[in-house]
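The residues making up each chain are set out below.
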Amino acid sequence: MSERVIGIDFGTTNALIAWLDSGSPVIVPNDRGARFTPSVVSYAPGGEVLVGESAKNRAIAAPGDTVRAVKRLLGSGSPVLAGGRPRRPEEIAAEIFRKLRADAERFLGFPVERAVVTVPARFSDAQRRSLREAAALAGIDALRLVNEPTAAALARAWLDRRKPDADTLVLVYDFGGGTFDVTVLRSRGAACEVLASAGDDRLGGLDIDAELYAEVAAAFKADYGLDAEADLFLSQQLWDLVERAKIELSSRDSTEVVLPFMRSAGALAHPSFKITRARLEALATPFVERTIRLTAEALRDAKATGAEVGALVLSGGSSRMPLVRERLGELVRRAPESRVNFEEIVAAGAAVEAAIVSGDAEGFAVRDVATRSYGVEIEGGACAVLVQRNESLPARKRRVFTTIADGQDTVEIHVVQGEERKARDNLSLGRFLLAGVRKARKGEPRILVEFAIDESDLLRVRAKDLDTGAEQRVVVSGSGSDDAAKLALLATRVGELAARTVLEAGLADEIEDAVAAARTAAADGDEAARSEARAVLETLTGELLAARDDGASIKSGLGLAGTVR
Ligand code: AMP
């Protein structure tokens, strides 16, 4: 297995690949030579799957086949209808990962099997697991998930790594297409520590587009009788035009949305609508104000003031809006860093983290924080917090609980995530039972609950009766997809290995069936189905490896699949 790890910024609108080449983060271009790939997937008739620019182009002609912003659907568990059938968000996102992987392998010339992938800081456990599964379906082991703003700060800190005395309070304001994140960090030479973060994973440029779209669509209907609601084709076109107009208004005071060559009242016309920056700003203000409030909250949590911020790092396309700079300037009183490219800084940070993970960035380190609080439900429905929001990661916290009834020999551990005092107002991550508790009067048994959160913000829970030693360990997962991710990755690796090995027809078919069955089990199966699929795959891998050792020729130089984490 290759030791080399790449960085992936899997954005709502665009995805980027980067890696650290001789000490500098380098953006890996796609097969068209572009530095980013639109996160759009289109299912063409005949089974062809288009990803990126060509999918985006096809979206206009075939909106029903095309999925945009799939990142917003990860972790939801709800299938999307695309290309005539329902598809899981993970499956759709995997198409994008597959393309990124192919582009990276073509450019870098080595197999890409492991990556650091960035995620919005506010991504929930289920969303993180879902993203990991999508990567796994494309044969990429997402070794670590780094919060996007942390990645941006890391990229900036990397520039200063040779200044060991620098001690700077850094504010990263990341306003992208679908999410907003703000993070406050202290950067000291090669060490970078996250102090606080806040954000909203449903706040981004798309929301501003939606406001502008509503306004423009209403005007086109009133002025030209064009009904975008009834015409998917028109509606897709308008979405694109509106976004372009918004971007244009970051550098101009007014612009026009023009629909070329539309037939209006029988005659050919170019329906148009003029929009000024002032009007756009009025529409965008509620969203921008929300980002400013969250920024103030993060500063408060970090016990810092705007005046103390020594470096302002902007990231995400939406932070190019003049309104954002103006409002941020009032809070932070500092011009944004100019050495970094807003759209590429997160990917560059992922590349730095990838180098850290693979041991190529010695001495350079980052400490992140938990982005939400985690706790368990206790008597009366309250939430007993074990890990507080903004606590340093990795975190390991323990608390001893007890029973609420005499003779109670089983306790339910209900794990929740969020800041509310009542458990039911938080996000439920799962429930499990600890049996074998010592039968005693209520309040006597001592039940230890331990939460461990790793650097990717993924939670593992252990419960143990300190008297009987009865114990339960679970990896908490809203969708149970952690196992699924591993199985999907194994299936992909085995499938790839088989494709590169010349096998007898019987074995090749058997492997193909097993890989398909494992994918189904990973997607829809229960635990039993998954463990059976895993066992079959493992046995077949043994035969596959034996076939290779027998001198079967290998079609390409890619290494052995290796173990699955
Ligand atoms: P990202 O998630 O960083 O790729 O950001 C993409 C978002 O930024 C999309 O909503 C774009 O419309 C928006 N965007 C890109 N450039 C600009 C610009 N110059 N002004 C305003 N919004 C922009």
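Residues numbered from 1 in each chain as written. Predicted model: local features only at pLDDT ≥ 70, side-chain atom pairs only at ≥ 80, totals over all residues. Heavy atoms only, no water.

J.: Can you explain the overall build of the protein chain? Please cite residues and give values.
T.: Of the regular secondary structure elements, the protein chain holds twelve helices and 28 strands. A compact globule built from 565 residues would reach a C-alpha radius of gyration of about 24 Å, and the protein chain, at 25 Å, matches this within 12%. In terms of its C-alpha atoms, the protein chain occupies a principal-axis envelope of roughly 80 × 65 × 50 Å. Buried residues in the protein chain amount to 55% of all 565 residues. Sequence separation of 24 or more characterises 66% of the internal contacts of the protein chain that already satisfy a separation of 6 or more. When the accessible surface of the protein chain is totalled, it reaches about 24,000 Å², and 49% of it is carbon and sulfur. Each charge class in the protein chain was averaged separately, 75 positive and 85 negative side chains, and the resulting centres sit 4 Å apart. (Helix = DSSP H or I, 4+ residues; strand = E, 2+ residues; numbered from the N terminus. Rg over C-alpha atoms; globule rule 2.2 N^0.38 Å. Buried < 20%, exposed > 50% of the residue type's maximum accessible area, 1.4 Å probe, protein only. Contact = heavy atoms within 4.5 Å. Areas by Shrake-Rupley, 256 points an atom, 1.4 Å probe, with all protein chains shown as cover. Lys, Arg positive; Asp, Glu negative; His and termini not counted. Charge placed at Lys NZ, Arg CZ, Asp CG, Glu CD.)

J.: So what's going on with the nonpolar core? Which residues, and what values?
T.: The nonpolar side chains of a soluble globular protein tend to be buried with one another. One finds Leu171 and Phe175 to be the most contacted residues of the largest nonpolar core, which totals 49 residues. At nine residues, helix 7 (residues 277-301) tops the list of elements feeding residues into this core. Residues from two domains meet in this core; each of domain 1 (6-203 + 291-367) and domain 2 (205-282) gives at least three. Of all hydrophobic cores here, the second largest spans 35 residues; its members include Ile17, Val80, Phe110 and Leu145. (Core = buried A, V, L, I, M, F, W, Y, C linked by side-chain atoms within 4.5 Å. Domains from an automatic or database assignment.)

J.: Give me the lowdown on the site of the ligand, citing residues and values where you can.
T.: In the region of the ligand, 14 residues are neighbours, and Gly177, Glu243, Lys246, Ser250 and Gly317 sit closest. Note that an oxygen atom of the ligand is positioned 3.2 Å from one of the side-chain N or O atoms of Thr13. One of the backbone N or O atoms of Gly317 is found 3.0 Å from an oxygen atom in the ligand. Protein chains shield 86% of the accessible area of the ligand, which is 500 Å² for the free molecule. Here the shell around the ligand gets three residues from one element, more than from any other, and that element is helix 6 (residues 232-248). For the shell around the ligand, a count of residues per class yields two nonpolar, nine polar and three charged. Here the shell around the ligand spans two domains, and each of domain 1 (6-203 + 291-367) and domain 2 (205-282) adds at least three residues to it. (Near = heavy atom within 4 Å. Polar contact = N/O pair within 3.5 Å; in protein donor to acceptor, adjacent residues only side chain to side chain. Nonpolar A, V, L, I, M, F, W, Y, C, P; charged D, E, K, R; others polar.)

J.: Which residues make up the confidence of the model for the protein chain, and what are the values?
T.: Residues with a pLDDT of 70 or more make up 93% of the protein chain, whose mean pLDDT is 86. No element of the protein chain has a lower mean pLDDT than strand 16 (residues 262-264), at 61, and none a higher one than strand 4 (residues 37-38), at 98. (pLDDT = per-residue confidence, 0-100.)

J.: Run through the packing of helix 1 (residues 53-61) against helix 6, naming residues and quoting values.
T.: Two elements in contact, helix 1 and helix 6, have axes whose closest approach is 7 Å; the angle formed by their N-to-C orientations is 135°. Classified by the interaxial angle, the pair formed by helix 1 and helix 6 is oblique. The segment helix 1 lies against helix 6, with Ala59, Ile60 and Ala61 engaging Phe233, Gln236 and Asp240. Residues that form the contact of helix 1 with helix 6 fall into these classes: four nonpolar, one polar and one charged. (Axes fitted to C-alpha atoms, helices over the stretch in contact; angles between N-to-C directions. Parallel < 35°, antiparallel > 145°, perpendicular 65-115°, else oblique.)

J.: I'd love a proper account of the packing of aromatic side chains, names of residues and values included.
T.: Enumeration over the complete set of coordinates arrives at seven aromatic pairs. When the centroid spacing of 4.5 Å and the interplanar angle of 5° are considered together, the rings of Phe10 and Phe97 count as stacked. Of the two residues, Phe10 sits in strand 1 (residues 5-10) while Phe97 sits in helix 2 (residues 89-108), which places them 87 residues apart along the sequence. For the pair shown, Phe10 and Phe97 are each scored as buried. Relative to Phe110, the ring of Trp19 lies with its centre 5.5 Å away and its plane at 65°, an arrangement referred to as edge-to-face. Pair noted here: Trp19 is in strand 2 (residues 14-21) and Phe110 is in the loop between helix 2 and strand 10 (114-119), with a separation of 91 residues, a long-range link. Here the aromatic cluster, defined as three or more aromatic residues joined through ring pairs, consists of Tyr173, Phe175 and Phe180. Taking NZ or CZ as reference, Arg4 lies 3.9 Å from the ring centre of Phe110, over its face. Over the ring of Phe342 we find Arg320; its NZ or CZ atom is 4.5 Å from the centre of that ring. (Phe/Tyr/Trp six-rings, centres within 6.5 Å; stacked < 30°, edge-to-face > 60°. Lys NZ or Arg CZ within 6 Å of the ring centre and 35° of its normal.)

J.: If you had to explain the sheet that holds strand 25 (residues 427-434) to someone new, which residues and values would you point to?
T.: Ordered by their spatial adjacency, four strands build an open sheet running 22-21-24-25, and the pairing between neighbours is antiparallel. The sheet is open, and its two edges are formed by strand 22 (382-387) and strand 25, each paired on a single side. Looking at each pair of strands side by side, their axes are set apart by 30° on average, direction ignored. Pairing of strand 21 (residues 374-378) with strand 22, which is carried by five bridges, proceeds in the antiparallel orientation. Paired with Glu377 across the two strands is Cys383, which belongs to strand 22. (Pairing = 2+ DSSP bridges.)

J.: Please set out helix 7 residue by residue, giving values where relevant.
T.: For helix 7, which comprises 25 residues, the first-to-last C-alpha distance of 34 Å matches the rise-based estimate of 36 Å (1.5 Å per residue) to within 8%. The axis of helix 7 is deflected most strongly, by about 50°, at Ala284, and proline Pro286 appears within four residues downstream. Phi turns positive one or two residues past the end of helix 7, at Lys303, with a value near 55°. (Expected span 1.5 Å × (residues − 1). Bend = angle between axes of the 7 residues up to and from the residue.)

J.: Describe the side chain of Arg87, with residues and values.
T.: With respect to the secondary-structure elements, Arg87 resides in strand 9 (residues 85-87). In this structure, Arg87 is buried with no salt-bridge partner, the nearest side chain bearing the opposite charge being Glu91 at 4.1 Å. A distance of 2.8 Å separates the side chain of Arg87 from the backbone oxygen of Ala82, its partner in a polar contact. Filtering out sequence-adjacent residues up to four positions away, Arg87 remains in contact with Tyr43, Pro79, Val80, Ala82 and Ile92. (Salt bridge = Lys/Arg side-chain N within 4 Å of Asp/Glu carboxyl O.)

J.: Requested: an account of helix 1, with residues and values cited.
T.: Three or four residues apart is the spacing at which side chains of an α-helix point the same way, because the helix has 3.6 residues per turn. Within the sequence span of helix 1, burial applies to Ala55, Arg58 and Ala59. Within helix 1, the buried residues cover an arc of 120° as seen down the axis, which keeps them to one side. Along its buried surface, helix 1 packs onto strand 5 (40-43), strand 6 (49-51), strand 7 (66-68) and helix 6. (Arc of directions from axis to C-beta.)

J.: Now, about unusual backbone geometry: what can you tell me, with residues and values included?
T.: A cis amide bond links Leu393 with the next residue in sequence, Pro394, at an omega value of -5°. Tracing the sequence through the fold places Pro394 in the loop between strand 22 and strand 23 (395-401). Here Ser22, not a glycine, exhibits a phi torsion of approximately 45°, which is positive. Within the secondary structure layout, Ser22 lies in the loop between strand 2 and strand 3 (24-28).

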